[in-house]
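# Structural overview
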Amino acid sequence: MQLSDGTWTYDTDVINAAVTNECRDWYERDMLNAFTRYAYYLYKQIRDCVNARKCKHMTIEKVREQLKNNNKLDFACNLLSISAEEIWYIVDFADQHLKYVK
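The following paragraphs examine the structure supplied in this document. (Residues numbered from 1 in each chain as written. Predicted model: local features only at pLDDT ≥ 70, side-chain atom pairs only at ≥ 80, totals over all residues. Heavy atoms only, no water.)

If you add up the space inside the largest pocket, you get close to 160 Å³. Lining of the largest pocket is provided by Asn51, Ala52, Arg53, Lys56, His57, Met58, Thr59 and Lys62. Here the residues of the lining of the largest pocket sort into two nonpolar, three polar and three charged. (1 Å grid on protein atoms, 1.4 Å probe; cavity = no way out; pocket = protein on both sides within 12 Å on 5 of 7 lines; lining within 4 Å. Points joined across faces, edges and corners; volume = space filled by probe spheres on them. Nonpolar A, V, L, I, M, F, W, Y, C, P; charged D, E, K, R; others polar.)

All of the buried residues along helix α3 (residues 60–67) are Ile60, Val63 and Leu67. Considered in projection along α3, the buried side chains sweep an arc of 55 degrees and stay on one side of the axis. Seen from the buried face of α3, the exposed residues on the opposite side, beyond 90 degrees, are Glu61 and Glu65. Against α2 (26–50), α4 (70–80) and α5 (84–97) lie the buried residues of α3. (Buried < 20%, exposed > 50% of the residue type's maximum accessible area, 1.4 Å probe, protein only. Helix = DSSP H or I, 4+ residues; strand = E, 2+ residues; numbered from the N terminus. Arc of directions from axis to C-beta. Contact = heavy atoms within 4.5 Å.)

Geometric values such as these leave the question of function open.
Right, dumping it as structure tokens:
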């Protein structure tokens, strides 16, 4: 699967390989840093799509619980113009690799 933020095109297989690789070259490091910023930005947008109370931030478990509702998942897909598979990948990536996501 490929994700694009306009300037970078990220292949999820390459991202997963770069995350597990301890000795990264400069391109992998830059790509992973850019994807981490993009994933956090998308995660915040997904969280805001399923959150009824915008001032109260949800935990990742509650975001997943809300995304199980097909109406909210479809709403997030339509609003953000991304597929459900991409949404689930971003949420999983945020849970596993973003230390500042609760």
